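Fold and geometry: a report
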Amino acid sequence: MDIDDPVFLINYIFLFGPAPNPLLKADCDCSGGDVPVDIDDVVHLINYIFYDGPEPCDVDGDGVPDC
Ligand SMILES: [Ca+2]
Ligand SMILES: [Ca+2]
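Residues numbered from 1 in each chain as written. Chains lettered and ligands numbered in written order. Predicted model: local features only at pLDDT ≥ 70, side-chain atom pairs only at ≥ 80, totals over all residues. Heavy atoms only, no water.

**Some thoughts on the coordination of the calcium ion (ligand 1)**
Octahedral metal centres with six donors ideally show angles of 90 or 180 degrees, and tetrahedral centres with four donors ideally show 109.5 degrees. For clarity, the threshold we go by: Sodium, potassium and calcium take a 3.2 Å donor cutoff, other metals 2.8 Å, and in both cases only N, O and S atoms count; water is not among them, so sites may look incomplete. In this scheme the shape depends on donor count and angles: four donors with every angle between 85 and 135 degrees give tetrahedral, four or six donors with opposite pairs above 155 degrees and others between 65 and 115 give square planar or octahedral in turn, and any other case is irregular. Burial classes: relative accessible area under 20% of the type maximum marks a residue as buried, over 50% as exposed, and values in between as partly exposed (1.4 Å probe, protein chains only).
Looking at the calcium ion (ligand 1), the protein donor atoms are Asp-27 (OD), Asp-29 (OD), Ser-31 (OG), Pro-36 (O), Asp-41 (OD) and Asp-41 (OD), and they sit 2.2 to 2.5 Å from it. With 6 donor atoms in place around the calcium ion (ligand 1) and angles of 54 to 161° between them, the coordination shape is irregular. Motif for the calcium ion (ligand 1), donor spacing along one chain: D-x1-D-x1-S-x4-P-x4-D. As far as burial versus exposure is concerned, Pro-36 and Asp-41 are alike and both buried.

Printed below as a string of structure tokens:
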């Protein structure tokens, strides 16, 4: 979990970079829906890393944030 993660996501969302695998692991804000991974997830991650924001979503429910 560091700055590489939001950079990876930004690449994927805006620059057609490689998709996260599995895709749902990058749904940091647990939004789900048709487009689970979008700019909101990047914002969530940056908040968490730099501004003590809430932890990323625990996508698979094992108690450890996955994003
Ligand atoms: Ca999301
Ligand atoms: Ca987990």
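And the narrative resumes.
**Describing the coordination of the calcium ion (ligand 2)**
The protein atoms that coordinate the calcium ion (ligand 2) are Asp-58 (OD), Asp-60 (OD), Asp-62 (OD), Val-64 (O), Asp-66 (OD) and Asp-66 (OD), at distances spanning 2.1 to 2.6 Å. Seen from the calcium ion (ligand 2), its 6 donor atoms lie at angles of 51 to 166°, and the figure they make is irregular. Within one chain, the residues serving as donors to the calcium ion (ligand 2) are arranged as D-x1-D-x1-D-x1-V-x1-D. On the basis of relative accessible area, Asp-66 is assigned to the buried category, the value being 16%.

**Re the environment of Tyr-48**
Put simply, the rule reads: Helix and strand labels come from DSSP, where a helix needs a run of H or I of at least four residues and a strand needs a run of E of at least two; each type is numbered from the N terminus.
Tracing the backbone through its elements, the reader meets Tyr-48 in helix 2 (residues 39-51). When the C-alpha atoms of Tyr-48 and Phe-8 are compared, they prove to be 16 Å apart, with 40 residues separating the residues in sequence.

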